[in-house]
Amino acid sequence: MRVFNFSPGPAALPTEVLEQARDEMLDWHGTGMSVMEMSHRGKAFLSIAEQAEADLRELLNVPSNYKVLFLQGGATGQFAGIPLNLTSPDSVVDMVNTGSWSKKAIAQAKSYVKVNVAADAGDPYTSIPPVADWKLSPDAAYVHYTPNETIGGVEFHFVPDVKTAPLVADMSSTILSRPIDVSKFGVIYAGAQKNIGPAGLTLVIVREDLIGRARPETPSFLDFGAMAKNGSMLNTPPTYAWYIAGLVLQWLKRQGGLEAMGKINQAKAEKLYAAIDSSSFYKNPVAKDARSWMNVPFTLAKPELDKTFLEEAKKAGLVTLAGHRSVGGMRASLYNAMPMEGVDALVSFMKEFERTRG
Ligand SMILES: *Cc1c(COP(=O)(O)O)cnc(C)c1O
């Protein structure tokens, strides 16, 4: 039996995608082999790779002056890759701190470049500092922010208008959740394991004029120019993760694309927040205009019941609801693959738990 898996990542994948992967596991399209066993340079895999890129470009409406790279090393790899590709050691970069993942990006960037923390939401990181107050540097190489803080559940529902420098975004937990205007960004990057596909694949969408400027010491697997020139195949790419991501992209197109996904995702999140707000037992600490559609943290009025809540939820087929170890409480992640029925089941469970235990 499939459960409703609210994992923040690696996260649930659409059942249809897993079924298709199962059906194609031993013999992909008459090749007599699994995608896992194919040469990444062979015709079969190249067709998979090209289709995935074409579908991604179509879904996100990626302008032709952007390259799409299928890399490894996770978003964490890009915490180093971005400064190595876009700066020299004496550059300044502007970074916005809205929580756990921003902090990690900032800490890593500091190894390579001078970091100006242009804005800091401050503990407990439940809001977004107004863009008008950001202290941007006149000569920044880029402005980096985290559109969705996966742990804190804080999300930008707008793209900050920074005219000063290219905008760089860690979209690990929000990419493909709604339409975005790619042309507003210099670089978008994302680990795949939240909303794209399996762990092991890292997506980078980069404007062409930002390619080819990597520092000489940049490891080639992080070098946008070297990877772009080689179709992301300077070395062996994560072929199976790339293939599954491709199946997810085709599934997204069948759902009606990102316009449709955005509507569903908003409706899912609003339903859960409404349930939380209408109760005196559950609470979400995030400022209303910054509440994430993707990751919904909440606490119980009686934290001593946390364990019971998780155990009973599991019995009801609702799993991976524990909050991040740094914040405690609960967190429901509602990426694309979580259907509305999962949210409905969670909301009914929460109401019943409150009625009987609250
Ligand atoms: C999960 C996550 C990361 C870390 O991704 P890895 O692929 O594990 O390096 C970074 N940023 C955000 C916003 C995330 O959600």
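See the structure shown above.
Residues numbered from 1 in each chain as written. Predicted model: local features only at pLDDT ≥ 70, side-chain atom pairs only at ≥ 80, totals over all residues. Heavy atoms only, no water.

Caption draft 1: Here's a closer look at the site of the ligand. Close to the ligand lie 13 residues, the nearest being Thr-76, Thr-150, Asp-170, Gln-193 and Lys-194. Note that an oxygen atom of the ligand is positioned 2.5 Å from one of the side-chain N or O atoms of Thr-76. Relative to its free-state accessible area of 390 Å², the ligand is covered by the protein chains to the extent of 87%. The dominant element in the shell around the ligand, judged by the number of residues it contributes, is helix 3 (residues 74-86), at four residues. Along the lines of polarity and charge, the residues of the shell around the ligand split into three nonpolar, eight polar and two charged. (Near = heavy atom within 4 Å. Polar contact = N/O pair within 3.5 Å; in protein donor to acceptor, adjacent residues only side chain to side chain. Areas by Shrake-Rupley, 256 points an atom, 1.4 Å probe, with all protein chains shown as cover. Helix = DSSP H or I, 4+ residues; strand = E, 2+ residues; numbered from the N terminus. Nonpolar A, V, L, I, M, F, W, Y, C, P; charged D, E, K, R; others polar.)

Caption draft 2: Structural context of the packing of helix 2 (residues 43-60) against helix 6 (residues 239-254). Contact geometry for helix 2 and helix 6: axes closest at 9 Å, N-to-C directions at 40°. For the element pair helix 2 / helix 6, the angle class is oblique. Between helix 2 and helix 6 lies a crossing of left-handed hand. For the pair helix 2 and helix 6, contact is made by Phe-45, Ile-48, Ala-49, Gln-51, Ala-52, Asp-55, Leu-56, Glu-58 and Leu-59 and by Thr-239, Trp-242, Tyr-243, Gly-246, Leu-249, Gln-250, Leu-252 and Lys-253, respectively. Broken down by class, the residue content of the contact of helix 2 with helix 6 amounts to ten nonpolar, four polar and three charged. (Axes fitted to C-alpha atoms, helices over the stretch in contact; angles between N-to-C directions. Parallel < 35°, antiparallel > 145°, perpendicular 65-115°, else oblique. Left-handed = near helix turned anticlockwise from the far one by under 90°. Contact = heavy atoms within 4.5 Å.)

Caption draft 3: Geometry of empty space enclosed by the protein. Throughout the structure, instances matching the rule amount to three cavities of 30 Å³ or more. For the largest cavity, the calculated volume is near 70 Å³. In this structure, the largest cavity is lined by 13 residues; those nearest its centre are Ala-12, Leu-13, Lys-194, Asn-195 and Ala-337. For the lining of the largest cavity, the per-class residue count stands at eight nonpolar, four polar and one charged. (1 Å grid on protein atoms, 1.4 Å probe; cavity = no way out; pocket = protein on both sides within 12 Å on 5 of 7 lines; lining within 4 Å. Points joined across faces, edges and corners; volume = space filled by probe spheres on them.)

Caption draft 4: View of the sheet that holds strand 11 (residues 282-283). Taken together, the three strands give an open sheet; going across it, the order is 11-12-14, and neighbouring strands pair in antiparallel fashion. Each edge of the open sheet is held by one strand with a lone partner, namely strand 11 and strand 14 (330-333). Examined bridge by bridge, strand 12 (residues 295-300) and strand 14 share four bridges and lie antiparallel to one another. Opposite Pro-297, over in strand 14, you have Arg-331 as the bridge partner. Sheet strands touched by helix 7 (residues 257-277): strand 11, strand 12 and strand 14. Its angle to strand 12, the strand with the most contacts, is close to 15°. (Pairing = 2+ DSSP bridges.)

Caption draft 5: How the structure looks around the layout of surface pockets. Space inside the largest pocket adds up to approximately 380 Å³. Lining the largest pocket are 20 residues, with Leu-13, Pro-14, Thr-15, Ala-337 and Pro-339 sitting closest to its centre. When residues of the lining of the largest pocket are traced back to their parent elements, those giving at least two are strand 1 (4-5), helix 1 (15-23) and helix 7. Looking at the lining of the largest pocket residue by residue, the class counts come to 13 nonpolar, four polar and three charged. Two domains each donate at least three residues to the lining of the largest pocket, and these are domain 1 (15-254) and domain 2 (257-357). Its volume calculated, the second largest pocket comes out at about 310 Å³. Around the second largest pocket, the lining is made up of 21 residues, and of these Pro-124, Tyr-125, Ile-151, Gly-152 and Val-327 lie nearest the centre. For the lining of the second largest pocket, the secondary-structure elements that each account for two or more residues are helix 4 (100-109) and strand 12. Counting residues per element, the lining of the second largest pocket draws most heavily on strand 12, which supplies three residues. (Domains from an automatic or database assignment.)

Caption draft 6: Here's a closer look at the side chain of His-144. Tracing the backbone shows His-144 in strand 5 (residues 143-145). Here Tyr-189 takes part through its side chain, which lies 2.7 Å from a polar atom of the side chain of His-144. Apart from residues no more than four positions distant in its own chain, His-144 is found in contact with Asp-94, Met-95, Val-96, Ala-105, Val-168, Asp-170 and Tyr-189.

Caption draft 7: Region of the structure containing the sheet that holds strand 5. Strands sit in the order 2-10-9-8-5-3-4 across an open sheet of seven strands; the sheet is mixed. Each edge of the open sheet is held by one strand with a lone partner, namely strand 2 (66-71) and strand 4 (114-120). Each neighbouring strand pair of the sheet contributes to a mean axis angle of 20°, computed without reference to strand direction. Looking at chain direction, strand 3 (residues 92-97) and strand 4 are connected through six bridges and run parallel. Opposite Val-92, over in strand 4, you have Lys-114 as the bridge partner. Helix-sheet contacts for helix 3 involve strand 2, strand 8 (167-170), strand 9 (187-191) and strand 10 (202-207), and the interaxial angle to strand 9 is about 155°.

Nothing here speaks to function; it is geometry throughout.
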